[in-house]
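# Descriptive analysis of the structure
Here is what each chain is made of, one letter per residue.
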Amino acid sequence: MPGAVLLPSTVLTMDPRNSRAEAVGVLDGRIAAVGSAAEVTTTLGEGAERVELDGLCLLPGFIDAHHHYCLAAFDRRMPDLHLPPGSSMEALLTRVEQAARERDSGWVRAQGYDPAKLREGRPPRAEEIDSVCADRPVLLAAFSFHEGVLNARGLEAMGWDASTPDPRNGALVRDRRGLTGEVAEQAFYVAEARSRESLLETAADAWLAECEAHGRDLLAHGIVRVGDAAVPPSFDDLYDRAAREGRLPITVHRMPVSAGSLIEARIESGPTGDGPPVTPTGPAKLFMDGSERCALCFSIRAVVGSVGGQLRKAVGGAGLAALRAATRSPTPRRGRDGLLHVGMLFWEEDALDQAVASGAQHGLQIACHAIGNEAVSRALAAIERSRARLSELPGAPRIEHAIFLERGQPRRIADSGTIAVIQPHFVYDVGDQIAISPLPPSLHALAFADLASAGVEVAGSSDYPVSGYDVLAAVKAAATRRTQSGDVYRPDQAIEVERALRAYTAGSARALGVESETGTLEPGKRADLVALSGDPLFTDPEHIDELRVDRTWLAGELVYRAQPTPAR
Ligand SMILES: [Zn+2]
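Heads up: these notes are all about the structure in this document. Quick caveat: nothing in here was measured; it's all calculated off a predicted structure.

### Observations concerning the overall build of the protein chain
The number of helices and strands found in the protein chain is 18 helices and 26 strands. Taking 2.2 N^0.38 as the reference for a compact globule, 568 residues should give roughly 24 Å; the C-alpha atoms of the protein chain span a radius of gyration of 23 Å, in line with that estimate. With the C-alpha coordinates of the protein chain rotated into their principal frame, the extents come out at 80 × 55 × 55 Å. Residue burial in the protein chain is summarised as follows: out of 568 residues, 62% are buried. Sequence-distant contacts, at least 24 apart, represent 76% of the contacts inside the protein chain between residues at least 6 apart. Carbon and sulfur atoms provide 49% of the accessible area of the protein chain, an area that totals close to 21,700 Å². The distance from the centre of the 60 positive side-chain charges to the centre of the 77 negative ones in the protein chain is 4 Å.

Here it is in structure tokens:
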């Protein structure tokens, strides 16, 4: 093949040594040259095809380092329960009714509601779901995918009633009348696994079709590679089949978790990088804490200082979506360290050290889900203790989310060589709720600028379906701190557009241990490319999400091209 010279209006290489170019030469699926049009033409020779891309800006294909691909494909046809703020319970239940019609038997699953955005300010109750679907088990997952609600049939299918104790690391929410249907963390994940496995018995072919369709959706958004942040064993077979049958349109790194619950570790698989090239094993996922019930700690002084002594109120507000967590979370515990602790911390130190060591023995890179500052501390301590071992593995250790950070933590993340896998679009999704929560000022939420100035390597991700996967919308949120209400949350924590784009390219490639293969436009790397309708570095960040993905290439092959917009 004679190769091709791509001639856009500009090239952003994401390679800091050589950040702009005029042309990219592609040969045999690889980047053969990057530079001026003349240089690239000389390298590729006269026989190369010239591809004029007038007005377009060429970048490395986007990489979403934490994206729940197998689950998204699994629930792809279900109505989305992400509703705008101020929506009613009735509107939510209408969607549930639609979800029940989507499949004619077995469990009904749907995801996305946020209690804090519903007018009622709470999740639905089991009997409310029964009012639209009583004859089959229903599991509704909250947007965080860490908690949800079962209807009566769902509770029955799980064998849960008022006499059932809470599982370790989980909660069956109760009131005077018994179970409300709401389930959190391990209780949610056990129900999630049960409902999924029972549907999977007959849904394998359907999953493959949705897997293909989801991949094509991502290509249309310029996303060429993701880390699937929770892959239970049943999806290993499906991913292998998708790879064999050529039905996986993008590269998916599988991050193993256990069969019975997504928050339980699976550290006997591996090594990282093994498996079919289109879906290799990624890092093992270890959950340090909950989501709405993330593990936070702070001094009493910090709390009292922030809200004039209203301790209960202050402590309650510290969770991911503010006070709603508190009303359902136990009161803060006073630790032996004299600090106040809220939320759920899943790992004891010794067990965590063992898990990290055992993962390293299997050649597994480590990714620790840690939202709260206490969980981040626990993850960092384990990473620091196993640093020598971890440094021999492909891919640096990762912390997923790192949402609430205390002073000194960004520096500690940087010093330990850990990558922070952030979700900039959370600023849009939950910035309004965090803004009104009386968070102690010692904790900074979604502190992208703190991470950047401490020198932390940052990878970009959506956590889809928790948040939307549009990279340009996330870059806008990172650079403007614009929230869903239109307010601006903590503008001092904004980062520049270029840095945000680097997170979704070079940073995510590092987070998946494939930086020598992709993430920047350099000779020798895979020609995974995206062409945007304009130059994001010369676009007002407030309008950056209006740029369009015009084309996407995988290994030099054009795999997506936008339909021309009809002339008016
Ligand atoms: Zn996730």
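Further notes follow.
### Thoughts on the layout of surface pockets
A probe matching the size of a water molecule, rolled over the atoms, marks out where space remains unfilled. What the largest pocket holds in volume is close to 530 Å³. Considering the residues around the largest pocket, the lining is formed by 30 residues, among which Asp 80, His 82, Gln 111, Gly 112 and Pro 465 are closest to the centre. Secondary-structure elements contributing two or more residues to the lining of the largest pocket are helix H2 (69-74), strand E7 (108-113) and helix H15 (426-436). Per-element accounting of the lining of the largest pocket gives the leading share, 4 residues, to E7. A per-class count over the lining of the largest pocket returns 16 nonpolar, 8 polar and 6 charged. What the second largest pocket holds in volume is close to 360 Å³. Lining the second largest pocket we find 22 residues, and of these Pro 249, Thr 251, Val 278, Arg 526 and Leu 554 sit closest to its centre. Mapped by element, the contributors of at least two residues to the lining of the second largest pocket are helix H6 (186-220), strand E13 (251-256) and strand E26 (557-561). At 3 residues, E26 tops the list of elements feeding residues into the lining of the second largest pocket.

### A word on the environment of Glu 245
In this fold, Glu 245 is placed in the loop between helix H7 (233-244) and E13. Through-space distance from the C-alpha of Glu 245 to that of Ala 414 is 41 Å; in sequence the pair is 169 residues apart.

### Description of the sheet that holds strand E21 (residues 419-422)
A sheet is described by the order of its strands in space; here 5 strands give the open sequence E14-E18-E19-E21-E23, paired in parallel fashion. A strand with exactly one partner marks an edge of an open sheet, and here the two such strands are strand E14 (284-287) and strand E23 (458-460). Direction aside, neighbouring strands of the sheet carry axes that sit 25° apart on average. Contacting strand E18 (366-370) and strand E19 (398-401), helix H12 (residues 373-385) runs over the sheet at an angle of about 170° to E19.

### Observations concerning the nonpolar core
Counting residues in each nonpolar core, the largest one holds 127 residues, and the members touching the most others are Trp 160 and Trp 207. Ranked by the residues each element gives to this core, the list is headed by H6, at 12 residues. Setting aside chain neighbours within four positions, we find Trp 207 in contact with Cys 70, Ala 73, Phe 74, Phe 235, Leu 238 and Tyr 239. Grouped together as the second largest cluster of nonpolar side chains are 19 residues, Val 96, Ala 100, Cys 133 and Leu 140 included.

### Structural notes on the side chain of Ser 461
Locating Ser 461 in the fold gives a position in the loop between E23 and helix H17 (471-480). Looking at Ser 461, its side chain comes within polar contact range of the side chain of Gln 423, at 2.9 Å. When residues no more than four places from it in sequence are discounted, the contact partners of Ser 461 are Asp 64, Ala 65, His 66, Val 421, Ile 422, Gln 423, Pro 424 and Tyr 504.

### Topic: the packing of aromatic side chains
Applying the stated criterion to the full structure yields 8 aromatic pairs. Consider the rings of Tyr 189 and Phe 287, whose centres lie 6.4 Å apart with planes at 50°: the pair is tilted. Placement of Tyr 189 in helix H6 and of Phe 287 in strand E14 is noted, with a sequence separation of 98 residues between them. An identical accessibility class is assigned to Tyr 189 and Phe 287; each is buried. Feature note: the residues Tyr 69, Phe 74, Trp 207, Phe 235 and Tyr 239 constitute an aromatic cluster, connected by ring pairs.

### Here's the deal with the packing of H6 against H7
Packed helices, taken two at a time, are described by the angle their axes make and the gap between the axes. Orientation of H6 relative to H7, taken along the N-to-C sense of each, is 25°, at an axis distance of 11 Å. The angle between H6 and H7 falls in the class roughly parallel. Considering only the axes of H6 and H7, their crossing is right-handed. Residue-level contacts link Arg 196, Glu 197, Leu 200, Ala 204, Asp 205, Trp 207, Leu 208 and Cys 211 of H6 to Ser 234, Phe 235, Leu 238, Tyr 239, Arg 241 and Ala 242 of H7. Class assignment of the residues belonging to the contact of H6 with H7 gives a composition of 9 nonpolar, 1 polar and 4 charged.

### Quick notes on the sheet that holds strand E10 (residues 170-175)
An order of E7-E8-E9-E11-E10 is seen for the 5 strands of this open sheet, with the pairing classed as mixed. For this open sheet the edge positions go to E7 and E10, each flanked by a neighbour on one side alone. Between one strand axis and the next, the sheet turns through 25° on average, direction left out of account. Sheet topology places E10 next to strand E11 (residues 178-185); 5 bridges connect them, and they run antiparallel. In the sheet register, Asp 175 faces E11, and the bridge partner there is Gly 178. Here helix H3 (residues 89-102) sits on the sheet in contact with E7 and strand E8 (138-142), set at roughly 150° to E7. Packed on one face of the sheet, H6 meets E7, E8, strand E9 (147-150), E10 and E11 and runs near 85° to E11.

### A few points about the coordination of the zinc ion
In this structure, His 66 (NE2), His 68 (NE2) and Asp 463 (OD) serve as the protein donors to the zinc ion, at separations of 2.1 Å. Considered as a linear motif, the donors of the zinc ion on their single chain read H-x1-H-x394-D. Of this pair, His 68 sits in the loop between strand E6 (62-67) and H2 while Asp 463 sits in the loop between E23 and H17; the two residues are 395 residues apart in sequence, bridging distant segments of the chain. Both residues of the pair, His 68 and Asp 463, belong to the buried class.

Rules behind the numbers
Residues numbered from 1 in each chain as written. Predicted model: local features only at pLDDT ≥ 70, side-chain atom pairs only at ≥ 80, totals over all residues. Heavy atoms only, no water. Helix = DSSP H or I, 4+ residues; strand = E, 2+ residues; numbered from the N terminus. Rg over C-alpha atoms; globule rule 2.2 N^0.38 Å. Buried < 20%, exposed > 50% of the residue type's maximum accessible area, 1.4 Å probe, protein only. Contact = heavy atoms within 4.5 Å. Areas by Shrake-Rupley, 256 points an atom, 1.4 Å probe, with all protein chains shown as cover. Lys, Arg positive; Asp, Glu negative; His and termini not counted. Charge placed at Lys NZ, Arg CZ, Asp CG, Glu CD. 1 Å grid on protein atoms, 1.4 Å probe; cavity = no way out; pocket = protein on both sides within 12 Å on 5 of 7 lines; lining within 4 Å. Points joined across faces, edges and corners; volume = space filled by probe spheres on them. Nonpolar A, V, L, I, M, F, W, Y, C, P; charged D, E, K, R; others polar. Pairing = 2+ DSSP bridges. Axes fitted to C-alpha atoms, helices over the stretch in contact; angles between N-to-C directions. Core = buried A, V, L, I, M, F, W, Y, C linked by side-chain atoms within 4.5 Å. Polar contact = N/O pair within 3.5 Å; in protein donor to acceptor, adjacent residues only side chain to side chain. Phe/Tyr/Trp six-rings, centres within 6.5 Å; stacked < 30°, edge-to-face > 60°. Parallel < 35°, antiparallel > 145°, perpendicular 65-115°, else oblique. Left-handed = near helix turned anticlockwise from the far one by under 90°. Donors = N, O, S within 2.8 Å, 3.2 Å for Na, K, Ca; no water.

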